[in-house]
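Take a look at the letters that make up each chain.
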Amino acid sequence: MTMAAAATTTETDPMLPQPYSVREVLKETSDTFTLTLEASNGAGVSRFRPGQFSMLWVFGVGELPISISGDPAEHDRLVYTVRSVGEATHSLVSREVGEGVGVRGPFGRGWPVEEAQGKDVLVIAGGIGLAPLRPVIYEVLRNREKYGRLVVLYGARSPRDLLYRKELKAWARQRETQVLVTVDYGGLSWRGHVGVVTTLFKYARLQPARSVAFACGPEIMMRFVARDLETNGLARENIYMSMERNMKCAVGFCGHCQYGPHFICKDGPVFSYERMRPLLEKYEL
């Protein structure tokens, strides 16, 4: 096989990881890090839609599905926010600048940002669930004239677990933008809201009839978020959520991520609440 043929095969085969190198590793919290990768061959990186994910291969350790958390307009890098919870994630966040990582993707269906144009955008995140939603915030703020108000509601376990602290403050200063943050346990020095993320609804300036909601976080959180949004007048078809399951192949072959009749890797990870509601009502599915 010639080098040209090999390159073509590599570019089109979704099962072959592409070589990337670590540009930066930023510590967000005690166990969560943001990695910036660049293509090792100097070419531009794969373009992605907000909400899509990649399969990151740590050579000799394993492969992980990680949502892309960077700006879709930046074509020279891919950004991922990763919580270190096991051998593979620990090895990934421990990469040194210049070390290699294999990347497959991007995969999956992303957030319907085009359909949200002309409407208010409500972003609701729990914990590391803010990472897959950060590209939506970038997209809305960069194309401000195409959207209505942007409302970001974010909940974490404690102040120490908050992601993107500087960006949260910067987003709150943007026009037509409201950012509200809450924690489960505040401590003596915390002066913000305390409680689950749904307690922020009463402080948010919402117009349900003209809003689209994007939610990502623990499944139980999204279940209650969707119920409360519907109670407040938001239509089911205008509520979207990013689901998480154990993905291995990322292209619907292995069946690890099957959720009812759906494969999260190729049918999602973003689904409308109208589509997910029957399954979310079945506990332990």
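Residues numbered from 1 in each chain as written. Predicted model: local features only at pLDDT ≥ 70, side-chain atom pairs only at ≥ 80, totals over all residues. Heavy atoms only, no water.

Structural notes on the nonpolar core
How we decide: Put simply, a nonpolar core is a bunch of buried Ala, Val, Leu, Ile, Met, Phe, Trp, Tyr and Cys residues held in one set by side-chain atoms that sit within 4.5 Å of each other. Think of it in three bands: residues with accessible area under 20% of the maximum for their type are buried, residues over 50% are exposed, and the middle band is partly exposed, with areas taken using a 1.4 Å probe on protein chains only. A run of H or I in DSSP becomes a helix once it reaches four residues, and a run of E becomes a strand once it reaches two; helices and strands are each numbered from the N terminus. Domain segmentation is taken from an automatic or database assignment of domains.
Counting 37 residues, the largest nonpolar core has Ile124, Leu153, Val225, Leu229, Met241, Met243 and Met276 as the members making the most contacts within it. Ranked by residues supplied to this core, first place goes to helix α5 (residues 219-231) with five residues. Of the domains in this structure, domain 1 (18-107) and domain 2 (114-280) are the two that each give at least three residues to this core. Ala131, Ile137, Leu150 and Leu163 belong to the second largest nonpolar core, which has 31 residues in total.

Observations regarding the layout of surface pockets
The condition that has to hold: Detection works on a 1 Å grid of protein atoms alone, calling trapped sets that fit a 1.4 Å probe cavities and calling open sets with protein on both sides within 12 Å along at least five of seven lines pockets, with lining residues defined by an atom within 4 Å of a point. Grid points are joined across faces, edges and corners, and a volume is the space filled by probe spheres set on the points. Polar here means any residue outside two lists: the nonpolar Ala, Val, Leu, Ile, Met, Phe, Trp, Tyr, Cys and Pro, and the charged Asp, Glu, Lys and Arg; Gly therefore counts as polar.
Within this model, the largest pocket holds a volume of roughly 1100 Å³. Taken together, 42 residues make up the lining of the largest pocket; nearest its centre are Arg83, Ile128, Gly129, Gly217 and Glu244. Only β4 (62-67), β5 (78-83), α3 (130-142), β8 (150-156) and α5 provide two or more residues apiece to the lining of the largest pocket. The residue inventory of the lining of the largest pocket, partitioned by class, reads 21 nonpolar, 12 polar and nine charged.

Considerations on the confidence of the model for the chain
Just so we agree on the cut-off: Along the chain, pLDDT gives the predictor's confidence residue by residue, from 0 to 100. Two residues form a contact once any of their heavy atoms are found within 4.5 Å.
In this model, the chain carries a mean pLDDT of 91, and residues with pLDDT of at least 70 account for 94%. In this model, residues 1-10 is a region of pLDDT below 50 whose contacts with residues beyond four sequence positions or in other chains number five contacts.

Some points on empty space enclosed by the protein
The full count for this structure, using the stated rule, is two cavities of 30 Å³ or more. In this structure, the largest cavity encloses a volume near 50 Å³. Counted by class, the lining of the largest cavity contains five nonpolar, three polar and no charged residues. Each pocket or cavity is described by its volume, and for the second largest cavity that value is around 40 Å³. What lines the second largest cavity is Asp120, Val121, Leu122, Arg149, Val151, Arg205, Leu206, Gln207 and Ser211. Ranked by residue count, the leading element in the lining of the second largest cavity is strand β7 (residues 120-126), at three residues. Class assignment of the residues belonging to the lining of the second largest cavity gives a composition of four nonpolar, two polar and three charged.

Concerning the side chain of Glu63
Using the following cut-off: In protein, a polar contact means a hydrogen-donor-capable atom and an acceptor-capable atom, both N or O and within 3.5 Å, with residues adjacent in sequence counting only if both atoms are side-chain atoms; elsewhere, any N or O pair within 3.5 Å suffices.
Locating Glu63 in the fold gives a position in strand β4. Only 2.8 Å separates the side chain of Glu63 from the side chain of Arg104, close enough to count as a polar contact. For Glu63, the contacting residues outside a window of four places in its chain are Met55, Leu56, Trp57, Arg104 and Lys248.

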